[in-house]
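Okay, here's what each chain looks like letter by letter:
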Amino acid sequence: MTADYPDIDIAPLIDHALLNSIATTEQIEQWCSEADKFQFGAVCVYPIHVKQVAELLHRKKTQVCTVIGFPSGSTTSKVKLYEAQEAVENGATELDVVINLGWLKARRTSEIHREISEICQETGQTIKVILETNLLTDAETMLGAEISMDAGANLIKTCTGWYGGATVADVKLLKTIVKDSIGIKASGGIRTIQQAFDLILAGATRLGTSSGVDLIRQRETLGKEPE
């Protein structure tokens, strides 16, 4: 491998995302089959699909991931907690929770901390807090990461992908806050193996993408002579 293409097995780092409001049963089955075949880290779907994914991935290594308060994070703390608890009851093992952006911009730190802490404590699962870096200043991003980490989050996620994708700068900024204490999930717009490697080298420990299979295929062609 060259310096640009390090010898990294990216499959376990991929959250194979199907966050499509019109996703069908057949598409969910396809995503789970692909995740099992390539040994992706997780399949990430809307809460309505969690039970099906949990059944399809039963006894598999791939985790069952869903989103909470998605995509705006503006539902009440009580609703978020209920949504998280129900997702876990249905088989979710990882929860991507959207931070309350209005609270973050208003510096309502204690309310943010309480909301995230309750979800962490009451569910006992892997919690990734989504910040939405494209809508935040660097100072707000750093504050959100600090609060989330202190509240018990396992990873900080850059964004939902609704307002733009993750950047190397986002990941590097988050890395200055979390260091090696917790993980960083880069998400949104990751379609090439170069993007994936750049984000990983910047500090990302998980990649949220709907292009997981394409990334693996691109990875497999590296170093091969053209036909």
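Further up the page is the structure itself.
Residues numbered from 1 in each chain as written. Predicted model: local features only at pLDDT ≥ 70, side-chain atom pairs only at ≥ 80, totals over all residues. Heavy atoms only, no water.

### A short note on the nonpolar core
Okay, step 1: Membership of the largest hydrophobic core comes to 65 residues, with the highest contact counts inside it found for Ile10 and Leu95.
Okay, step 2: Considering every element that reaches this core, the biggest residue donor is helix α8 (residues 193-202), with 6 residues.
Okay, step 3: Residues within four places of Leu95 in sequence aside, it is in contact with Thr66, Ile68, Ala84, Ala87, Val88, Ile119, Thr123, Thr126, Ile127 and Lys128.
Okay, step 4: By size, the runner-up hydrophobic cluster in this structure holds 9 residues, among which are Cys44, Tyr46, Phe70 and Val98. (Core = buried A, V, L, I, M, F, W, Y, C linked by side-chain atoms within 4.5 Å. Buried < 20%, exposed > 50% of the residue type's maximum accessible area, 1.4 Å probe, protein only. Helix = DSSP H or I, 4+ residues; strand = E, 2+ residues; numbered from the N terminus. Contact = heavy atoms within 4.5 Å.)

### Some points on the environment of Ile147
Okay, step 1: Among the structural elements, Ile147 can be located in helix α6 (residues 138-151).
Okay, step 2: Sequence separation between Ile147 and Arg191 is 44 residues; the distance between their C-alpha atoms is 30 Å.
Okay, step 3: Those residues in contact with Ile147 that lie beyond four places of it in its chain are Thr109, Ile112 and His113.

### A short note on the pairing of strand β4 (residues 94-98)
Okay, step 1: Within β4, 5 of the 5 residues are buried, which leaves it mostly tucked inside the rest of the structure.
Okay, step 2: Covered by surrounding structure in β4 are Glu94, Asp96 and Val98 together with Leu95 and Val97, the residues of both alternating faces.
Okay, step 3: By the bridge criterion, 4 bridges tie strand β3 (residues 63-68) to β4 in an arrangement that is parallel. Of the residues in β4, the one forming a bridge with Thr66 is Leu95.
Okay, step 4: Handedness of the crossover is the feature at issue here: the chain leaves β3, passes through helix α3 (residues 77-89), returns alongside β4, and the resulting connection is right-handed.
Okay, step 5: Relative to strand β5 (residues 126-130), β4 is paired through 5 bridges, and the arrangement is parallel. Residue pairing across strands places Leu95 opposite Ile127, the latter belonging to β5. (Pairing = 2+ DSSP bridges. Right-handed = clockwise from strand over helix to strand, strands pointing away.)

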